[in-house]
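# Geometric and topological summary
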Amino acid sequence: MMTRRRRLVIVGASLSGLRAAEGARKAGFDGDIVLIGAESRLPYDRPPLSKAVLAGEESLLLRDTAHFIETLDVEVRLNAHATGLDPDAGIVWVDSVPLEFDTLVIATGAVPRRAAPWHDELDVYVLRTDEDALRLRAALEGARAITIIGAGFIGAEVASAASKAGLDVTIVEAAPTPLQRALGVTMGRQISALHERNGVSLRLGVTVISLERDANGRLEKVVLSDGVEVQSDMVLVAIGATPNTRWLTDSGIALSDDGAVLCESTLRSVSHPRIFAAGDVARRRRSEDHSDTERLENWTSANDQGFTAGRNAVSENLIPFDTVPYVWSDWYGHRIQMAGNTAGDEVSIVMGAPDQDRFVALYASGATLVGALAMNEPALIMKLRRQISDGVSWDSALEFVAEVAARRENASRVNSG
């Protein structure tokens, strides 16, 4: 009787899923790898969906077919859906057909959060996949006005693209301050001022009550909770996403309150030793007493977590995942970048000014630098990220930025003289 080779199954043909396969091979794994993807395409880059793709470009594959076949020796199953999991038996059901595994990486990402009963109505859009982006782009080409529900990064990026295309744009945000959870109240207000400086209406502290249609059933206006009626041809719902874990119901895999796979610091499931998770779907424990958990929703973490999860899934010695989070976003031709923890005790703008569209803000916890936010300062933010990783003091960070500012001023004097 033949014994099958050891098998790693990766559910989710995402960036994390791709990197899990690469991490496993880099660790020397010579068994079978099967990558399960619900979409019809190989893993592609998602950040451009709300940027370049809406501007007319096409989304790009992260790796070509030859990479999967020749370099990784991976069996890729597209248009395939995980429908159940039995971790004790080592079986994942793919479209109700059992597939055996020795270890499994869950990289199924997240799905858009639903806003209201009218979420699935005509002229209402979300943005998560390549298909979503193409549908949204086609709608923008024939529209005059759009209402965007949610003033987060995706909503802001679509607002930027729609405004550039000549549409009247209104952003509706239920919170009093956009991006408060991500940036804090002070910097959330400063960053969100970009919208109105670029002709986009920002309505805060209100929600959408209903969608009104004309006699032909076409969207005509959006009614807000304060009684204001916004003329609109289409609506984008951009109020965040939830981990794609419904298929794990009854699997016995521990999930956090937000539905993410609860993991140890090594990205191994807290409830089963052969199950790992990475990317938007993973919530890892950062502290030894397991009281501190974190779910990171960004490209950099998905990339790094995927590699670590794949490596650990096939290795005897597990390594913890640790990183300084990094996020970027493009609004109205400006690059916004943040690194580290932006929920510190103190935040100070230490270079430039938000209303001049170029600045650096630092976040402190006690006497330590823990986070940084910048606009149009790409080189400097990466240096600050390294300093956050090194645990530099708040005073040292301030001194570093002051030195950069002084060098720039001296260089400016020389060039002008």
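Up top you'll find the structure we're talking about.
Residues numbered from 1 in each chain as written. Predicted model: local features only at pLDDT ≥ 70, side-chain atom pairs only at ≥ 80, totals over all residues. Heavy atoms only, no water.

## Looking at the sheet that holds strand β4 (residues 82-86)
Strand order in this open sheet of three strands is β4-β5-β6, and the pairing throughout is antiparallel. Each edge of the open sheet carries a strand with a single partner, namely β4 and β6 (97-100). Ignoring strand direction, the axes of neighbouring strands in this sheet form an average angle of 25°. Both strand β5 (residues 91-94) and β6 contribute to a ladder of four bridges, which runs antiparallel. Note on β6: the bridge partner recorded for valine 92 is leucine 99. (Pairing = 2+ DSSP bridges. Helix = DSSP H or I, 4+ residues; strand = E, 2+ residues; numbered from the N terminus. Axes fitted to C-alpha atoms, helices over the stretch in contact; angles between N-to-C directions.)

## Describing the layout of surface pockets
Over the atoms, a rolled probe matching the size of one water molecule traces out where space is still vacant. Here the second largest pocket defines a volume of roughly 370 Å³. Lys51, Ala55, Ser160, Ala161 and Lys164 are the residues nearest the centre of the second largest pocket, which is lined by 19 residues in total. Counting residues per element, the ones that place at least two in the lining of the second largest pocket are α3 (130-141), α4 (153-164) and β22 (326-331). Top contributing element to the lining of the second largest pocket by residue count: α4, with six residues. Partitioned by chemical class, the residues of the lining of the second largest pocket number nine nonpolar, four polar and six charged. (1 Å grid on protein atoms, 1.4 Å probe; cavity = no way out; pocket = protein on both sides within 12 Å on 5 of 7 lines; lining within 4 Å. Points joined across faces, edges and corners; volume = space filled by probe spheres on them. Nonpolar A, V, L, I, M, F, W, Y, C, P; charged D, E, K, R; others polar.)

## A word on the environment of arginine 284
Within the fold, arginine 284 resides in strand β20 (residues 282-285). Between the C-alpha atom of arginine 284 and that of phenylalanine 321, which follows or precedes it by 37 residues, the distance is 8.8 Å. Setting aside its immediate chain neighbours within four residues, arginine 284 contacts Cys263, Glu264, Leu267, Asp292, Thr293, Glu294, Gln305, Phe321 and Asp322. In this structure the side chain of arginine 284 is engaged in a polar contact, spanning 2.8 Å, whose partner is the side chain of glutamate 294. A distance of 3.0 Å separates the side chain of arginine 284 from the backbone oxygen of phenylalanine 321, its partner in a polar contact. (Contact = heavy atoms within 4.5 Å. Polar contact = N/O pair within 3.5 Å; in protein donor to acceptor, adjacent residues only side chain to side chain.)

## Focus: the sheet that holds β22
Strand order in the open sheet formed by five strands is β22-β23-β26-β25-β24, with antiparallel pairing between adjacent strands. Whereas interior strands pair on both sides, the edge strands pair on one side only; in this sheet they are β22 and β24 (346-353). Averaged over all pairs of adjacent strands, the angle between strand axes in this sheet comes to 15°, irrespective of strand direction. Relative to the sheet, helix α8 (residues 378-390) contacts β22, β23 (334-340), β24, β25 (358-365) and β26 (368-375), its axis offset from that of β26 by approximately 165°.

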